[in-house]
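A look at the structure
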Amino acid sequence: MRFLRHRPIGLPAFALLITVAGCSSADDSASVAVPSPSPAVTKLCRNLDNALPREVAGLERRDPEPRSALTAGWGNPEIILRCGVERPPKMIDPKVAKGADPDAVAGGVNGVDWLMEKAGDGAYRFTTANRRAYVEVAVPEGHDTSATLIDLAPAIKKAIPEGIAD
């Protein structure tokens, strides 16, 4: 009978322990794959990391794990930037250039050209075009994509020169 009398105290303490462990700071950040670009592109990406704003679309910077100068994040769920990614296949797809692909569109925002790809979950992926390094920005559903690209444009123009990445 003693076990039953102490059980209500032990159970809430155990539940609290589980809750606190589940909210550790290691779980708060998104986890992303860090690109592995050439040394020249890595240098450009480091310059971009130094130029990135503290806020994007009104969201504070929260870098994903593992920490890297090639990745950055803002908000929760995070807008994720990865610098030095491979060229997306749709970037050279003739259907996209002709405007005939419903899930990919080319365009520009404040002097930065982008390939926009729509994901099935309502998210968008933007990849810079006509720059010496490809910069990918994943914007989860519900975030302002226009504000995101407008806020990132000055840093990208400053750190990643125009040209062809390949």
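Since we're looking at a predicted model, the values are computed, not measured.

1. Considerations on the pairing of strand E8 (residues 135–139)
- Of all five residues that make up E8, four are buried, and the element is covered over most of its length.
- Pairing geometry for strand E4 (residues 79–83) and E8, over four bridges, is antiparallel. Bridge pairing in E8 places isoleucine 80 opposite alanine 138.
- Bridge count between strand E7 (residues 124–129) and E8: four bridges; the pairing is antiparallel.

2. A closer look at the pairing of E4
- Buried residues dominate E4, accounting for five of its five residues.
- Hairpin connection, strand E3 (residues 71–74) to E4: the antiparallel pair is bridged by four residues, and glycine 75 has positive phi, about 80°.

3. What about the packing of helix H2 (residues 39–51) against helix H4 (residues 145–159)?
- Interhelical geometry of H2 versus H4 gives an angle of 140° and a closest axis separation of 9 Å. Where H2 crosses over H4, the two elements pack in a sense that is right-handed. Together, Leu44, Asn47, Leu48 and Ala51 of H2 and Ala155, Ile156, Lys158 and Ala159 of H4 make up the contact between the two elements.
- Counted by class, the contact of H2 with H4 contains six nonpolar, one polar and one charged residues.

4. Quick word on the state of the cysteines
- Enumeration over the complete set of coordinates arrives at one disulfide.
- Here cysteine 45 engages in a disulfide with cysteine 83; their sulfurs sit 2.1 Å apart. When the S-S torsion is -75°, as for the bridge of cysteine 45 with cysteine 83, the disulfide is left-handed. Taken as a pair, cysteine 45 in helix H2 and cysteine 83 in strand E4 lie far apart in primary sequence, 38 residues in all. Across this residue pair, the class does not change: cysteine 45 and cysteine 83 are buried.

5. Structural notes on unusual backbone geometry
- Residue proline 66 follows glutamate 65 across a cis peptide bond; omega there is -10°.
- Considering the arrangement of structural elements, one finds proline 66 in the loop between strand E2 (59–60) and E3.
- Looking along the chain, the bond that leaves asparagine 76 and enters proline 77 is cis, with omega of 5°.
- Note on placement: proline 77 falls in the loop between E3 and E4.
- One non-glycine residue, asparagine 110, lies in the positive phi region at around 50°.
- Among the secondary structure elements, asparagine 110 is positioned in the loop between strand E5 (104–109) and strand E6 (112–118).
- Notably, asparagine 130 is not glycine yet its phi reads approximately 60°, a positive angle.
- The topology assignment puts asparagine 130 in the loop between E7 and E8.

6. Brief notes about H2
- An ideal rise of 1.5 Å per residue puts 18 Å on 13 residues; H2 measures up with 19 Å between its terminal C-alpha atoms.
- Every buried residue of H2 is accounted for by Val41, Thr42, Leu44, Cys45, Leu48 and Asp49. Across the axial projection of H2, the buried residues extend over an arc of 160°, all falling on one side. Opposite the buried face of H2, at more than 90 degrees from it, the exposed residues are Pro39, Ala40, Lys43 and Asn50.
- Where the residues of H2 are buried, they touch E3, E4, E8 and H4.

Scoring rules and cut-offs
Residues numbered from 1 in each chain as written. Predicted model: local features only at pLDDT ≥ 70, side-chain atom pairs only at ≥ 80, totals over all residues. Heavy atoms only, no water. Buried < 20%, exposed > 50% of the residue type's maximum accessible area, 1.4 Å probe, protein only. Helix = DSSP H or I, 4+ residues; strand = E, 2+ residues; numbered from the N terminus. Pairing = 2+ DSSP bridges. Axes fitted to C-alpha atoms, helices over the stretch in contact; angles between N-to-C directions. Left-handed = near helix turned anticlockwise from the far one by under 90°. Contact = heavy atoms within 4.5 Å. Nonpolar A, V, L, I, M, F, W, Y, C, P; charged D, E, K, R; others polar. Disulfide = S-S within 2.5 Å. Expected span 1.5 Å × (residues − 1). Arc of directions from axis to C-beta.

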